[in-house]
Amino acid sequence: MQTPKRRDGRVIIHFDQDCFYAAVFEKEGNPAWKFLPLAVQQKQIIVTCNYEARRRGLYKLQLVQEAKKMCPDMILVLGEDLTRFRNASKDNYNFLRGYSWSNKVERLGFDEVFMDVTDLVDYNSALLNHNDLTTSFFHLDHNDPTVGFPFDASRVFGHTFPAASTIPASGIVSANNSSSNESVDLLLRLRLGSYLAWHLRYQLEEQQGYTCTVGIGTNKLISKLVGNLNKPKGQTTLLPPYNPDHRDGRSNVIDFIDGHDIGKIPGIGFKIAQKIRKHVLGRPAAFDAGLVYGGTMENVHVRDVRILEGMGPEPLGRLLAGPGVPRDLGDKVWGLLHGVDDTEVAKAKEVPQQISIEDSYIRLDDIEQVKKELKMLSVSLIKRMRLDLTSLVDERDIGIALEREEEGLARDTKATASRRWIAHPNTLRLSTRPRPPLNPDGTRSRNLTRISKSSSMPSFVQSLAQDITVLAEKFVEEAVLPLFRKLHPEKSGWNLSLLNLCATNMSMVASEGKASAGRDIGRMLRRQEDVLKDWKIADVDVAPSDDEPEDRQIKQDGIGQFEREISSHYPPDHAGLRTDHALLSTQGSSLADEAWDSEGDENDQGDKCQACGATLPSFAMGAHERFHSLSG
């Protein structure tokens, strides 16, 4: 059986914030709610609930009516407005990002964050005293050795898979494994990663007020899946060996991945999972009858696929082939089934790659209702753009701009001038999901396919002075509706279950940040007088002092010292020469010292030629005498 190659040099932590949506309401509303059943409602669906509600039988995507019957005393809050969740998610993400050295911090949705902490682990691993691992210190700052925390590097913190957190490395790593030395080193590095994860979890709860569940592994796939084993407020590390044993091909990674349903593996979507289920079972899986948040009545586990006769990357590629499918999809999925995922943790970005707003509907088949829904989505989209793609302007810039008439900023627009765009979306995309017609038996086929159209984002959306509602109406009429008519040219007969508006293809504007498209020249020019005020040279005549001879009094303009040197050797009628030398002294820092440097005596007045009577410097007299001898 072909086994994909594994890259186990990284240490990646996955943070999954516990019941994030409910936790936001608990923090902003009433902290006592965390001990009561709390559910977040969107339309007539329970989109999420806290652990107390789950303990009483509530679950995601449950109808509100059913949830009330099951738990009459539950607290139900509306979650249609995502602003509070978005702001809390952004704050938590930036908090974790502040601990990163490599800036490899990637957000997944509102409540999940990946961190590649390989550089921190490598740095601290090199500083360990292997003769006394129990009293180690984890350094969080390159420059300040006091910033960090003590820890015990002889064991893993928290839960492990397999459950062997107290077993020494020699007991965990198989002696028959050819990569045992590598596994011992990996185990030590994973221990450091587990303590860093514990520290970040603790700081997130203490300073931000949110708890999270954490997974530690060598790639995004492993860290995400292993973190699901001990919820809530737990953390789990997948222990080595990661590489398969040469005798039976087993490893801790294979044992862990094998127990998962094929549809629960990140990177394997719904359609791919259904194709694989059908191939393994020899018939379509009973899906619709057992649909509970993506579940099925018939589970097909990873092991079922791996041990299937004739299965491998090439057969898998042929099975999944189709229009628009990448050629290497079989290799990628086969790797995921073995816990191999070389996807890098993306570096943190100042702005999101795209901003998307959508809503779902039971029935949407009237153009006037479509316009109404598109306006609501447009208002939300513009709000998001102003929140995520703008930043506060320095108060000094606002004051300078208001004082300049040519800037066109009146004082009554100071509130608008307090923000500036840091990025512009270049593309607008509209997506819809038409609901399929009824089948002859009255049922309706499940359809998850979206259709989309894109166009350039109109520039007027970037106006910060205009009211958002007015701006959204113009946006819908001039930009969104033309896209909708291209998607659905027929005036009626369609029925939509989803509308999505997306601003994408971001381009950074000029600013002082590292990710910007260049320097903000306008801001630089507005502030140049303030920045350069300490370096400005004033050409002011200074009256002669009574304590100093008059011929030594010159302007104190930064080159006065050299002017005094020139004045001492040249009479006043050589002012032009003094000016030339003074100019040169500002262009070469060593010129003033070298101008009068020679190998002879500085008081040497020269010698007089006996032949012609000319007075010459001593060093030139020898050549002058040879001139006379040759000419004679």
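Residues numbered from 1 in each chain as written. Predicted model: local features only at pLDDT ≥ 70, side-chain atom pairs only at ≥ 80, totals over all residues. Heavy atoms only, no water.

S.K.: Could you give an account of the overall build of the chain, with specific residues and numbers?
M.R.: From N to C terminus, the chain includes 22 helices and 20 strands. For the chain, the residues scored as buried account for 41% of the 632 residues in total. Pairs at least 24 apart in sequence give 64% of the contacts found in the chain among residues at least 6 apart. (Helix = DSSP H or I, 4+ residues; strand = E, 2+ residues; numbered from the N terminus. Buried < 20%, exposed > 50% of the residue type's maximum accessible area, 1.4 Å probe, protein only. Contact = heavy atoms within 4.5 Å.)

S.K.: Explain the sheet that holds strand E4 (residues 62-63) to me, and be specific about the residues and the numbers.
M.R.: The sheet built from four strands is open, its strands ordered E4-E3-E2-E5 with mixed pairing. Only two strands of the sheet have a single neighbouring strand rather than two, namely E4 and strand E5 (75-78). Pairing of strand E2 (residues 38-42) with strand E3 (residues 45-49) involves four bridges; the strand directions are antiparallel. Considered in E3, the bridge of Gln-41 is made with Ile-46. (Pairing = 2+ DSSP bridges.)

S.K.: Residue-level account of a negative patch on the surface, with values.
M.R.: A cluster of acidic residues, Asp-467, Glu-473, Glu-477 and Glu-478, forms a negative patch on the protein surface. By secondary structure assignment, the location of Asp-467 is in the loop between strand E17 (451-456) and helix H17 (468-487). Residue class for Asp-467 comes out partly exposed when judged on its relative accessible area of 45%. (Patch = residues over 30% accessible without salt bridge, like charges linked within 9 Å, V, L, I, M, F, W, Y side chains within 5 Å. Areas by Shrake-Rupley, 256 points an atom, 1.4 Å probe, with all protein chains shown as cover. Salt bridge = Lys/Arg side-chain N within 4 Å of Asp/Glu carboxyl O. Lys, Arg positive; Asp, Glu negative; His and termini not counted. Charge placed at Lys NZ, Arg CZ, Asp CG, Glu CD.)

S.K.: Mind laying out the pairing of strand E18 (residues 496-508), listing which residues take part and the relevant values?
M.R.: Counting buried residues along E18, ten of its 13 residues qualify, which places the element largely inside the surrounding structure. With eight bridges connecting them, strand E13 (residues 354-364) and E18 associate as antiparallel partners. Looking at the pairing, Asp-359 lines up with Leu-499 of E18. Two strands pair when backbone bridges link them, and strand E16 (residues 423-434) and E18 are joined in this way by eleven bridges, in the antiparallel orientation. Within E18, the residue paired with Pro-425 across the bridge is Met-506.

S.K.: Can you lay out the layout of surface pockets for me, pointing to particular residues and giving the numbers?
M.R.: The space that makes up the second largest pocket amounts to roughly 460 Å³. Around the second largest pocket, the lining is made up of 18 residues, and of these Asp-18, Ala-23, Glu-26, Lys-34 and Thr-211 lie nearest the centre. Where the lining of the second largest pocket is concerned, the elements lending two or more residues are helix H1 (20-28) and helix H2 (51-55). Residue contributions to the lining of the second largest pocket peak at four residues, all from H1. Tallied by class, the residues present in the lining of the second largest pocket amount to eight nonpolar, three polar and seven charged. (1 Å grid on protein atoms, 1.4 Å probe; cavity = no way out; pocket = protein on both sides within 12 Å on 5 of 7 lines; lining within 4 Å. Points joined across faces, edges and corners; volume = space filled by probe spheres on them. Nonpolar A, V, L, I, M, F, W, Y, C, P; charged D, E, K, R; others polar.)

S.K.: Help me get a handle on the nonpolar core, residues and values and all.
M.R.: Phe-15, Ile-268 and Leu-337 are the most contacted members of the largest nonpolar core, which has 59 residues in total. When residues in this core are grouped by element, the largest group, nine residues, is from helix H7 (residues 180-208). What Phe-15 contacts, discounting residues up to four positions off in sequence, is Leu-96, Asp-111, Glu-112, Val-113, Met-115, Ala-197, Leu-200, Arg-201, Cys-212, Thr-213 and Val-214. Membership of the second largest hydrophobic core comes to 39 residues, among which are Trp-421, Leu-428, Val-461 and Leu-499. (Core = buried A, V, L, I, M, F, W, Y, C linked by side-chain atoms within 4.5 Å.)

S.K.: Account for the packing of aromatic side chains, naming residues and giving values.
M.R.: One pass over the structure, following the stated rule, counts 17 aromatic pairs. With a centroid separation of 5.5 Å and an interplanar angle of 55°, the aromatic rings of Phe-157 and Tyr-195 are classed as tilted. Of this pair, Phe-157 sits in the loop between strand E9 (148-151) and strand E10 (159-161) while Tyr-195 is found in helix H7, placing the two residues 38 residues apart along the sequence. Using a relative accessible area of 23% as the deciding quantity, one classes Phe-157 as partly exposed. Given the relative accessible area of 5%, Tyr-195 is considered buried. Judged by centre distance (5.4 Å) and plane angle (80°), the ring pair of Phe-484 and Trp-494 falls under edge-to-face. Taken together, the positions of Phe-484 in helix H17 and Trp-494 in the loop between H17 and E18 put the pair ten residues apart, joining distant regions of the chain. Among the residues examined, Phe-484 registers a relative accessible area of 1% and is labelled buried. Among the aromatic residues, ring-to-ring pairing joins Phe-138, Phe-149, Phe-151, Phe-157, Tyr-195, Trp-198 and Tyr-202 into one connected group. The ring of Tyr-51 has Arg-54 lying over it, and the distance from NZ or CZ to the ring centre is 5.0 Å. Its end group placed over the ring of Phe-114, Lys-220 keeps NZ or CZ at 5.1 Å from the ring centre. (Phe/Tyr/Trp six-rings, centres within 6.5 Å; stacked < 30°, edge-to-face > 60°. Lys NZ or Arg CZ within 6 Å of the ring centre and 35° of its normal.)

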